[in-house]
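Fold and contact review
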Amino acid sequence: MSEPRKRETICVQGGWEPKKGEPRVLPIYQSTTFKYDTSEQMARLFDLEDSGYFYSRLQNPTNDAVAAKITELEGGAAGMLTSSGQAANFYAIFNICSAGDHVVSSVALYGGTYNLFAVTLKKLGIEFTFVDPQATEDEIQQAFRSNTKALFGETIANPALTVLDLQKFANIAHKNGVPLIVDNTFPTPIHCRPFEWGADIVTHSTTKYMDGHAMSVGGAIVDSGNFDWNRYPDKFPGLTTPDASYHGLIYTEAFGKAAYITKATAQLMRDLGSIPSPMNAFLLNIGLETLHLRMARHCENARVVAEYLQNHPKVSWVNYPGLPGNPGYELARKYMPDGTCGVLTFGLKGGREESVPFMDRLRLIAIVTHVADARSCVLHPASHTHRQMSEKELLEAGVQPDLIRISVGIENSEDLIADIRQALQ
Ligand code: PLP
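In what follows, the accompanying structure is described.

Analysis parameters
The numbers attached to residues start from 1 for each chain and follow its sequence in the written order. Thresholds applied to this predicted model are a pLDDT of at least 70 for local features of residues and 80 or more for the giving and counting of side-chain atom pairs; totals over whole chains, interfaces and linings are not thresholded and use all residues. Derived side-chain values reflect all non-hydrogen atoms in the structure, with water molecules and hydrogen atoms excluded from consideration. Two strands qualify as a pair provided that DSSP identifies no fewer than 2 bridges between them. To qualify as a helix, a DSSP run of H or I must reach at least 4 residues; to qualify as a strand, a run of E must reach at least 2; elements of each kind are numbered from the N terminus. Note on definitions: angles span 0 to 180 degrees between N-to-C directions of axes, and those axes are lines fitted to C-alpha atoms, for helices only across the stretch in contact. Contacts were defined at the residue level, with two residues in contact if any of their heavy atoms lie within 4.5 Å. What makes a residue near a molecule or strand is one non-hydrogen atom of that residue sitting within 4 Å of it. In the analysis that follows, any N or O atom pair within 3.5 Å is treated as a polar contact, provided that within protein one partner can donate a hydrogen and the other can accept it, and provided that, for residues neighboring in sequence, both atoms belong to side chains. Reported accessibility uses the Shrake-Rupley method at a 1.4 Å probe radius. Residues are deemed covered only where the shown protein chains occlude them. Under this grouping Gly is polar, as are all residues other than the nonpolar Ala, Val, Leu, Ile, Met, Phe, Trp, Tyr, Cys and Pro and the charged Asp, Glu, Lys and Arg. Only protein atoms enter the 1 Å grid, on which a cavity is a set of points fitting a 1.4 Å probe that cannot get out and a pocket is an open set with protein on both sides within 12 Å along at least 5 of 7 lines, lining residues being those with an atom within 4 Å of a point. Grid points are joined across faces, edges and corners, and a volume is the space filled by probe spheres set on the points.

**Things to note about the sheet that holds strand β6 (residues 201-205)**
- Reading across from one edge, β1-β7-β6-β5-β4-β2-β3 is the order of the seven strands in this open sheet, with mixed pairing throughout. One side of each edge strand has no neighbouring strand; the edge strands of this open sheet are β1 (78-82) and β3 (127-131). The average angle at which neighbouring strand axes cross in this sheet is 20°, direction not considered.
- Of the strands in this sheet, β1, β6 and β7 (219-223) are in contact with helix α3 (residues 61-74), which crosses β1 at around 125°.

If you want it as structure tokens, here you go:
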């Protein structure tokens, strides 16, 4: 077998590999439908007996090329794109859970994911128990039940920036016969490949660093192909028993390591339809071509900004897992030796009252509900995303009232520091 390609090469050339006379650039297959010569040819596609395109709600060549690039970057066996990161996390869970099932998740989550798990999936009969990711294996073990179907966490949590102990989480998941699903949005596969540490399935909000230019909302799911669903046939009947909607086909028998992704495409995408447009997949691909270059600059700039803030007399605290002394620093060094991400949080000595005027004085760094953009941006959750909450509720949700989140972009760091300096003055 040939050596796996390096990440930089995959970013630039992965996914779309044109043959003789084909366009060098990934084409946008802006077509809902695909033509066949005979009814028999089309019928075989509907029975999953042949692979091929017939309707873009299920699969589209532009989308598949980009999914293949992300799958190769993660070192996975199969992958798919979704219309958003929310859709990716929903599909990742719903593909193996139904009413009456249970999932254990780290509590350090993006707020939208927490809502999806704690409120919306609960309405569908799927219950979550949230655990402190820093708890011991024994403590986390206590959250498991006989109907638990997965363990979930974010590699670097948004906005808590807690670094997940991937090996610990993988051990606990596998001891309980369930897959570990990891949202790898913040470090991206450039800085962390969770499959190398035992994770089974990875999800992404590609809206963030992968797109990187705040152009298109999107998501992705990648399966390592390593979890042995057949070892627990009673736990995962959707994958190991016949699917009546495809003439009794059994996914694990028919598709092996691609079983989980094929089921998510053939059932969930078919029925729920959260596909990205081929145009958005094309834009995402342009972002991916420079992901390796941008991640390095995001991290370098974030480290410079974090160190500046740490030494500033008006700043009371800084949270950046790339800073020595940070609670996540040692885990970050282990799992992300080349860097973490460009997002950091901090508080001002004047507290919450100082946060808003500070942000209003920034000129280069814009107030935006977003992270992981080439352009630096800032948000004060207590005034924006979490503004309806009381101080007590904010603390319960893990958001300090004075917390300012900066997503450090790829501009010149001296200009960013100058902007922060004048705003602090
Ligand atoms: N996961 C993480 C870690 C996120 O930060 C976000 C959004 O900020 C999501 C998932 C949801 O992604 P999207 O906004 O693309 O639906």
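What follows picks up the thread again.
**Digging into the site of the ligand**
- Close contacts around the ligand come from 15 residues, with Asn158, Asp183, Ser205, Thr207 and Lys208 the closest.
- Between an oxygen atom of the ligand and a main-chain N or O atom of Gly85, the distance comes to 2.9 Å.
- Asn158 is positioned such that a nitrogen or oxygen atom in its side chain is 2.9 Å from an oxygen atom of the ligand.
- Starting from 390 Å² of accessible surface for the ligand in isolation, the protein chains cover 91%.
- For the shell around the ligand, the class distribution of residues is three nonpolar, nine polar and three charged.

**Notes on unusual backbone geometry**
- For the bond running from Asn158 to Pro159, omega is 5°, close enough to zero to count as cis.
- For Pro159, the location among the structural elements is in the loop between β4 (148-154) and α7 (166-175).
- Backbone geometry places Thr188, a non-glycine residue, at a positive phi of 60°.
- The topology assignment puts Thr188 in helix α8 (residues 188-191).
- Unlike most non-glycine residues, Ala214 shows phi in positive territory, near 55°.
- With respect to the helices and strands, Ala214 occurs in the loop between β6 and β7.

**Focus on the layout of surface pockets**
- When its volume is computed, the largest pocket comes out at roughly 1,100 Å³.
- Together, 45 residues line the largest pocket, and Leu109, Tyr110, Gly111, Gly112 and Asn158 are the ones closest to its centre.
- Elements supplying a minimum of two residues to the lining of the largest pocket: α4 (85-94), α5 (111-123), β6 and α16 (391-396).
- Counting residues per element, the lining of the largest pocket draws most heavily on α5, at five residues.
- Tallied by class, residues from the lining of the largest pocket come to 17 nonpolar, 21 polar and seven charged.
- Of the voids in this model, the second largest pocket is the one considered here, and its volume is about 620 Å³.
- Around the second largest pocket, the lining comprises 33 residues; the ones closest to its centre are Leu58, Gln59, Asp64, Thr262 and Thr265.
- When contributions to the lining of the second largest pocket are tallied by element, the ones reaching two or more residues are α2 (39-46), α3, β1 and α11 (259-272).
- Classifying every residue of the lining of the second largest pocket by side-chain character gives 20 nonpolar, eight polar and five charged.

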